[in-house]
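# Inside the fold
Letter by letter, the chains look like this.
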Amino acid sequence: MASLNLLVAVSLIYVAFLFAVAFGAERAAMKGRAGWLRSPVVYTLSLSIYCTAWTFYGAVGYAARSGLEYLTIYIGPSIVMIGWVWALRKIVRIGRSQRITSVADLISSRYGKSNLLAVAVTLIAVVGTTPYIALQLQSVTQSVAAFAAADPSVVIPADNRATALWVAAGLAAFTVLFGTRNLDSNERHHGVVMAIALEAVVKLCALLAVGIFTVWGIGGGVGQTLARIDASAQLGQWQMAPGRWSGLIFLSGAALLCLPRMFQVLVVENEDERHLRTASWAFPAYMIAMSLFVMPIAVAGLSMLPDGANPDMFVLTLPLSEGRTGLAVFSFLGGFSSATSMVIVAAIALSTMVSNHIVMPIWLSLNGKGAMVSGDVRHVVIMARRVSIIGVLFLGYLYYRLSGGGTALAAIGLISFSGVVQFLPSMLGGIFWRGATRNGALAGLILGFATWLWCLFLPSFGDGVVLPAGVLAHGPWGIGWLRPYALFGITGLDPLVHGVLWSILLNTLAFLGLSIFSFPSPMERLQGAQFVNVYQHSASPRGWSGGIAQSEDLMIMAQRLLGAHEAQKLFQSEAARQGVQGYLPDPNAAFLQRLERELSGSVGAATAHAMVGQIVGGAAVSVEDLMAVADETAQIMEYSSQLEAKSDELVRTARQLRVANAKLTQLSVQKDAFLSQISHELRTPMTSIRAFSEIMRDAPGLTEGQKHKYANIIHDETVRLTRLLDDLLDLAVLENGQVSLNLTRARLGDILDHAVAAANGDHSTIKLRRDRAQEAIWLQTDSDRLAQVFINLIANAGKYCDARTPELRIAVRRADAALMVDFIDNGAGIETEQQGLIFEKFSRIGDQKAGGAGLGLAICREIMSRLGGSITYLPGQGGAAFRVTLPLQAAIAAQ
Amino acid sequence: MGKSVLVIEDEPNIIEAISFILSRDGWHVATHSNGIDAVEAVRARRPDLVILDVMLPGRSGYDILRELRAGPETGGLPVLMLTARGQPKDRAMAEQIGASRFMTKPFSNAEVLEAVNDLIRA
């Protein structure tokens, strides 16, 4: 026997199972292993939330009351799915490229991101969906009641309010759990979609099972069933009212586009545009299957069940009356699935709208910081969603209570449809007509909605509940042309057709009229172009694969801005930090912030923010537009860096030219000075020689002493001249690199000894301080040339050291790769400005008359450079100090 | 004959040679061998003639001549310039500053005698 307890238990187990499925799908999606979740089949099945409890139970009731008219609610969506798939594709493309999260978001985005419009759409959607949610509550409640009636063990409750409340609360809990588990920037809910896809299968199977049971189990086969349908007084005739039929087909077709929950599964949850192709035939097929057994069940119910039985419950009461409890429970689960899936998706869709367009703007403005709140507002968003879901379900429950729960399911559904269909003009106008404006959309929506409220919604509560019966009959304050069922005095129309006709007509007229006579804002123009020409603005159809796809987009963009290598390094390091293999890290807040910082170095903070925001969240301009900007920027940057490089090169060349010029000038000056110096150095001794040789030739009576003296002078000056010429030739040879070195193995100490002896030939009185232990180093060098340098330095010290007791210290030191021999005297040293000149030719310091030609140090420098070492002046040693540096390998090689 | 000459020259052998030549010709020869205080030496000794080397330690012969020409007492003093630099611009420089005679080393003794006697007669 049917047991209410059994039913409750089965329902709870079913819900738990759904819960598990949703949870598993969510987990799989998070781990990126959800390939099969994104199949077109799942997409198509999720679309079946169009078939709610209204379809599951109500279609049979509809058929029992109005014959084949029930087919209209299937024909409309089928026409749209098959014939209008191109329009759907456009909407889906727009939704994807603009990151649309809801119907309200779509319309508000199109009309320049007007939040006023979003609020209007949201309110209409809430009001329009509330009857529908009430409808689901009612159907579940009625089905429970049907079971209760068949269960003798329970007392039939006085009313079903408690049941409805429990159902509402349970659905709210489920929706909160799965609809707001996390905040996906794309508003996708893999778990929920999977659960409703499963429910779609359950409800189809349940209805088919009842149908098969009806036709073959109790109806005696197809032939007898058809005969019974023919014979039925109510169902047998083709009562086609063309006005009502076309009105209903229009209504249901438009509802497919406009219903917030349909938009949610059709556009927002869409994983891949190509799924639409499958859905365009599979979804109508699903609906045909759903409607296949409606007539047989209706006929069987009418003929077999007692008069007065609710036709809306035939699907359930038929198996119950035949004692098929199992089938009845299955059927109940089908209806339950229909109701819950619709409510869950509708609540998610509505809560997204309410929280995004009403709660969040208010919260942000109350916090006074606008959109630039620095902290994490995700918890606020999630809380807003949860409150909205509970609020939406509570409204549904309230409507159910107010409307008394008695109205036929189909009637409530149609009223709901006609409410949301008010979105149609601004929606279609927005995506096909660039001239549509915000003012037009707003005016159309408000006028259409008001008409709907007056003609359809308020009267739906029943006579006298909201609108007094007098108003219905005679109009408000007796104004006849404002009667809800006969606007402008036009009577005789079906109330539904009347309401739909007037509301849509006024809506469209206002929309068109104001759009033509108002001007769009720049933002509206931009968005209008983006929407109407969406195919030019967005990439080819491509499946989104959650976070990784975003990361890849971010990577592509980053590569354009940072260069491939830099970007890859950044992404790889971030992936490693997150513990992910490869180049694609999870685009979490920390990474995005880091990326933005990196990018802002290239394009500036504002652009970087906009670009990252564009890829991760919704924004006004498409990714492709920004990509184009990025490409241009990259090109400009490259071009300008090329220019910069060129100008750098020019500057370098100019500098080199300047240096070369200065060198040439200096060389010319030096050459001049050199010639002058040579002239002077040669002429001076020659002057003495000439003068004294003339004296000895011309002057009579010179003494022997004078003769000897003058001859000596001539001799000395000749020697001086010879030495000068030797030096000059030596220097010329050294400078030209023609010198051939005579490399031998020699001890440093010996070379110094030789040098000291040679220098002392000049009768120097300078005292030498040496450390012979340090000097015990073998060298592979030209010892004569090295000695020449040492002689020069020792002789110079002897000539120029002006200390009272002149002293020269010779210090030998090994450094890393060099041997250093320092010659430091205790004289006044050489002035800083002269230090750079002393190695130049003919430079002589100070006033001293030292007799040299000033070539000594120049020769030393040349010799040292030939030996692979150097000679430098060592400042700050308390006297004149010269450092002779020799490469140490010369020393090591000799050891 | 009290002709006096001041020889400003730093090369000892050249000083000796000039002194010998001029002394035998009856000149009273004084010598000075650095550039720094050469002008003071001229003012102190008041010679009839100055023989001035261009390259002197401490101060160039050109500078000394310039100062001598600027002074009221020495402005018209005959100055024979000697230089070991034989380039034309050295001669031009000397003439521009106001050297009475310019000779390049090495010189012939007879030329020097002729030059100084010319200068003292003028």
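For clarity, every value in this text was computed on a predicted model and none was experimentally measured. (Residues numbered from 1 in each chain as written. Chains lettered and ligands numbered in written order. Predicted model: local features only at pLDDT ≥ 70, side-chain atom pairs only at ≥ 80, totals over all residues.)

This paragraph deals with the overall build of chain B. A count of helices and strands for chain B gives 5 helices and 5 strands. From first element to last, N terminus to C terminus, chain B shows the α and β order β-α-β-α-β-α-β-α-β-α. By the burial criterion, 41% of the 122 residues in chain B qualify as buried. A separation of at least 24 residues holds for 57% of the contacts in chain B among residues at least 6 apart in sequence. (Helix = DSSP H or I, 4+ residues; strand = E, 2+ residues; numbered from the N terminus. Buried ≥ 20, exposed ≤ 12 C-beta atoms within 10 Å, placed from the backbone. Contact = placed C-beta atoms within 7 Å.)

So, about the overall build of chain A. A tally of helices and strands in chain A yields 35 helices and 9 strands. Of all 895 residues assigned to chain A, the portion counted as buried reaches 45%.

Residue and element names in this part refer to chain B. Among all positions in helix α3 (residues 61–70), only Gly-61, Tyr-62, Ile-64, Leu-65 and Leu-68 are buried. Taken down its axis, α3 places every buried residue within 160° of arc, on the same side. Where the residues of α3 are buried, they touch α2 (38–45), β3 (49–53), β4 (79–83) and α4 (88–97). (Arc of directions from axis to C-beta.)

A separate point is the confidence of the model for chain A. Do not read the predicted coordinates in detail wherever pLDDT is low. Residue and element names in this part refer to chain A. Predicted confidence across chain A gives a mean pLDDT of 77, with 79% of residues reaching 70 or more. A low-confidence stretch, residues 369–375 stays under pLDDT 50, and its non-local contacts, those more than four residues away or across chains, total 4 contacts. With pLDDT under 50 throughout, residues 618–623 is counted as low confidence; its partners more than four residues away or in other chains account for 18 contacts. (pLDDT = per-residue confidence, 0-100.)

This brings us to the sheet that holds strand β9 (residues 881–887) of chain A. All names here are of chain A. In spatial order, the strands read β4-β6-β7-β9-β8; together these 5 strands make up an open sheet with mixed pairing. With one partner strand each, in any of the chains shown, β4 (767–770) and β8 (870–873) form the two edges of the open sheet. Strand-to-strand twist across the sheet, computed as the mean angle between neighbouring axes with direction ignored, equals 20°. With 4 bridges joining them, β8 and β9 adopt antiparallel strand pairing. What sits directly across from Ser-870, in β9, is Thr-885. (Pairing = 2+ DSSP bridges. Axes fitted to C-alpha atoms, helices over the stretch in contact; angles between N-to-C directions.)

Interfaces are often described in size by the accessible area the parts lose on coming together. With 21 residues of chain B at the contact, the number on the chain A side is 19 residues. With 6 residues, helix α1 (residues 12–24) of chain B is the single largest residue contributor to the side of chain B that touches chain A. Across the side of chain B that touches chain A, the residue classes break down as 9 nonpolar, 7 polar and 5 charged. (Nonpolar A, V, L, I, M, F, W, Y, C, P; charged D, E, K, R; others polar.)

This next bit is on unusual backbone geometry. Residue and element names in this part refer to chain B. In this model, Lys-105 is joined to Pro-106 through a cis peptide bond whose omega is -10°. Tracing the backbone through its elements, the reader meets Pro-106 in the loop between β5 (101–104) and α5 (109–121). The residue Arg-46 is not glycine, and still its phi comes out positive at about 45°. With respect to the secondary-structure elements, Arg-46 resides in the loop between α2 and β3. Taking the C-beta count within 10 Å as the criterion, Arg-46 has 11 such neighbours and is therefore assigned exposed.

All names here are of chain A. Core analysis: the biggest nonpolar cluster contains 173 residues, and Val-121, Cys-258 and Val-315 have the highest contact counts within it. In terms of residue count, helix α16 (residues 325–367) provides more of this core than any other element does, 19 residues in total. Beyond its immediate stretch of four places on either side in the chain, Cys-258 contacts Val-103, Val-420, Val-421, Phe-423, Leu-424 and Met-427. (Core = buried A, V, L, I, M, F, W, Y, C linked by C-beta atoms within 7 Å.)

Moving on, we come to the packing of helix α4 (residues 72–83) of chain A against helix α13 (residues 275–291) of chain A. Residues and elements named next belong to chain A. Packing of α4 against α13 leaves a shortest axis separation of 8 Å and a crossing angle of 165°. On the basis of the axis angle, α4 is roughly antiparallel to α13. Regarding α4 and α13, the two cross each other, and that crossing is left-handed. Taking contact as the criterion, the partners of Tyr-74, Pro-77, Ser-78, Met-81 and Ile-82 in α4 are, on α13, Ala-279, Ser-280, Phe-283, Pro-284, Met-287 and Ser-291. (Parallel < 35°, antiparallel > 145°, perpendicular 65-115°, else oblique. Left-handed = near helix turned anticlockwise from the far one by under 90°.)

Residue placement: Glu-11 of chain B occurs in the loop between β1 (4–8) and α1. Between the alpha carbons of Glu-11 of chain B and Ser-33 of chain B there is a distance of 7.7 Å; along the sequence they are 22 residues apart.

Attention now goes to helix α32 (residues 783–800) of chain A. Residues lying three or four places apart along an α-helix face the same way, a consequence of the helix completing one turn every 3.6 residues. Here α32 of chain A is 18 residues long and its end C-alpha atoms lie 25 Å apart, about the 26 Å a rise of 1.5 Å per residue gives. Burial analysis of α32 of chain A places 14 of its 18 residues in the buried class, which makes it a mostly covered element. (Expected span 1.5 Å × (residues − 1).)

Time to look at the sheet that holds β3 of chain B. Residue and element names in this part refer to chain B. In spatial order, the strands read β2-β1-β3-β4-β5; together these 5 strands make up an open sheet with parallel pairing. Looking at strand neighbours, the two that pair on one side only are β2 (28–32) and β5, the edges of this open sheet. Going from strand to strand, the sheet's axes swing by 20° on average, the running direction of each strand aside. Summarising the sheet, β4 and β5 pair through 4 bridges and their orientation is parallel. In the strand pairing of β5, Met-81 is matched with Phe-102. Along the sheet, α1 contacts β1, β2 and β3; its crossing angle with β2, the most-contacted strand, is approximately 165°. In the packing of α5 onto the sheet, contacts are made with β1, β3, β4 and β5, and the angle to β5 comes to roughly 170°.

This part is about the UniProt feature "modified residue: 4-aspartylphosphate" (unreviewed entry) in chain B. All names here are of chain B. Per the UniProt record, "modified residue: 4-aspartylphosphate" (unreviewed entry) is found at Asp-53. Relative to the assigned elements, Asp-53 resides in strand β3. The exposure class assigned to Asp-53 is buried, which follows from the 24 C-beta atoms found within 10 Å. Those residues in contact with Asp-53, other than ones at most four positions away along the chain, are Ile-8, Glu-9, Asp-10, Gly-61 and Leu-82. (UniProt positions renumbered as here; feature names shortened; annotations may be inferred.)

Another aspect to go through is the packing of helix α5 (residues 85–97) of chain A against helix α12 (residues 260–268) of chain A. Pairs of packed helices are described in terms of their axes, by the angle between the two and the distance that separates them. All names here are of chain A. It is the contact of α5 with α12, at a shortest axis distance of 9 Å, that shows an interaxial angle of 80°. By the angle class used here, α5 and α12 are roughly perpendicular. Residues Leu-88, Ile-91, Val-92 and Gly-95 of α5 form the contact with α12, whose own contacting residues are Leu-266, Val-267 and Val-268. Grouping the amino acids of the contact of α5 with α12 by side-chain chemistry returns 6 nonpolar, 1 polar and no charged.

Residue and element names in this part refer to chain B. The buried fraction of β3 is high, at 5 of 5 residues. Residues of β3 alternate between two faces, with Leu-49, Ile-51 and Asp-53 on one and Val-50 and Leu-52 on the opposite face, all of them buried. Bridging between β1 and β3 involves 4 bridges; their strand directions are parallel. What sits directly across from Leu-6, in β3, is Val-50. In this fold, β3 hands off to α3, which returns the chain to β4; that crossover is right-handed. (Right-handed = clockwise from strand over helix to strand, strands pointing away.)

Among the secondary structure elements, Val-144 of chain A is positioned in helix α7 (residues 115–150). In this structure, the C-alpha to C-alpha distance between Val-144 of chain A and Phe-332 of chain A, residues 188 residues apart in sequence, is 8.2 Å.

Residues and elements named next belong to chain A. For Val-103, the location among the structural elements is in helix α6 (residues 103–110). Residue class for Val-103 comes out buried when judged on the 31 C-beta atoms lying within 10 Å of it. Sequence-wise, Val-103 and Thr-122 are 19 residues apart; in three dimensions their C-alpha atoms are separated by 8.2 Å. Dropping the residues within four chain positions of it, Val-103 is found in contact with Val-121, Ala-125, Cys-258, Pro-260, Phe-263 and Phe-423.

All names here are of chain B. On average, chain B scores 88 in pLDDT, and the residues at 70 or more come to 98%. When pLDDT is averaged over each helix and strand of chain B, the minimum, 86, is found for α4 and the maximum, 93, for β1. Among the scores for the predicted complex, ipTM is 0.92 and pTM is 0.54.

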